[in-house]
Amino acid sequence: MRKKLGIIIAVLTVVLANSWVAAQVGPGHPDRGEALYKEHCLRCHGRMGEGDGPDAQGLIVRPVDFHTARSRAKTDFELLIAISNGVLFSPMHSWRGRIADEDMVHVIAYVRALAPEYPHL
Ligand code: HEC
């Protein structure tokens, strides 16, 4: 029971901390996310966000192709959680502390700009 409560509190803390970030920064600007994306994310997610960056080849868990329906269906908030906390059991580590919180929002705007139209299925 205690363990469950701990997990619930941990999850709530993560969700609240991230919503706080989202609420503070307002809408992201793709122009401000572009340089960051190219510096940190392109090597795995690829120039056009298709998951085909130069470092993607050797990875067992492949980087997400942001054009897929599965990825497009996610809300910006879900993407923010992935960037901020990382994705468990994957090479996608947490970026919290490595890039500023508001920059995560700009980078998401850039990712959305890379994959704007209807997804390839
Ligand atoms: C070392 C390679 C690597 C780097 C660098 C990297 N990622 Fe990822 N990323 C991954 C992998 C692998 C996954 C897929 C995990 C999975 O299958 O759920 C992922 C997943 C994601 C997701 C979740 C997408 C979804 O639809 O579930 C987002 C958002 C994301 N990355 C954004 C970024 C951003 C922004 C950066 C740069 C700040 C970045 N990634 C850098 C490898 C990387």
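Quick caveat, the model's predicted, so the values are computed rather than measured. (Residues numbered from 1 in each chain as written. Predicted model: local features only at pLDDT ≥ 70, side-chain atom pairs only at ≥ 80, totals over all residues. Heavy atoms only, no water.)

Enquirer: Help me out: how do you make sense of the site of the ligand in this one?
Expert: For the ligand, the set of nearby residues contains 23 residues, the closest of which are Cys41, Cys44, His45, Lys74 and Met92. In this structure, an oxygen atom belonging to the ligand sits 2.8 Å away from a side-chain N or O atom of Ser71. One of the side-chain N or O atoms of Lys74 is found 2.6 Å from an oxygen atom in the ligand. Among the secondary structure elements, those contributing two or more residues to the shell around the ligand are α2 (30–45), α3 (69–72) and α4 (76–85). Sorting elements by how many residues they give to the shell around the ligand places α2 first, with five residues. Of the residues in the shell around the ligand, the class split is 15 nonpolar, four polar and four charged. (Near = heavy atom within 4 Å. Polar contact = N/O pair within 3.5 Å; in protein donor to acceptor, adjacent residues only side chain to side chain. Helix = DSSP H or I, 4+ residues; strand = E, 2+ residues; numbered from the N terminus. Nonpolar A, V, L, I, M, F, W, Y, C, P; charged D, E, K, R; others polar.)

Enquirer: So what exactly am I meant to see when it comes to the coordination of the iron atom of the ligand here?
Expert: A metal bound by six donors in octahedral fashion has ideal angles of 90 or 180 degrees, whereas one bound by four tetrahedral donors has an ideal angle of 109.5 degrees. Around the iron atom of the ligand, the protein contributes the donor atoms His45 (NE2) and Met92 (SD), at 2.0 to 2.2 Å from the metal centre. Every donor counted, the six donor atoms about the iron atom of the ligand form angles of 88 to 180° at the centre, which fits octahedral coordination. In this pair, His45 is assigned in helix α2 and Met92 in the loop between α4 and α5 (101–114), connecting sequence segments 47 residues apart. (Donors = N, O, S within 2.8 Å, 3.2 Å for Na, K, Ca; no water. Tetrahedral: all angles 85-135°; square planar, octahedral: opposite > 155°, others 65-115°.)

Enquirer: Even after reading the chapter, I still don't get the pattern of salt bridges, so can you show me in this structure?
Expert: For side chains bearing opposite charge, pairing can occur when the charged atoms are close. Taken as a whole, this structure holds three salt bridges when the rule is applied. Of the charged contacts, one joins Arg112 and Asp76 as a salt bridge, the two residues approaching to 2.8 Å between their closest N and O atoms. Here Arg112, found in helix α5, pairs with Asp76, found in helix α4; they are 36 residues apart in sequence, far enough to count as distant. (Salt bridge = Lys/Arg side-chain N within 4 Å of Asp/Glu carboxyl O.)

Enquirer: I'm lost on the packing of α4 against α5 in this one. Help?
Expert: Working note: a packed helix pair is described by the angle between its axes plus the distance between those axes. Contact pair α4 / α5: the axes reach a minimum separation of 10 Å and the direction vectors enclose 120°. By the angle between their axes, α4 is oblique relative to α5. The element α4 and its partner α5 pack so that their crossing is right-handed. Residues Asp76, Leu79, Leu80, Ile83 and Ser84 of α4 form the contact with α5, whose participating residues are Met104, Val105, Val107, Ile108 and Arg112. Looking at the contact of α4 with α5 residue by residue, the classes come out as seven nonpolar, one polar and two charged. (Axes fitted to C-alpha atoms, helices over the stretch in contact; angles between N-to-C directions. Parallel < 35°, antiparallel > 145°, perpendicular 65-115°, else oblique. Left-handed = near helix turned anticlockwise from the far one by under 90°. Contact = heavy atoms within 4.5 Å.)

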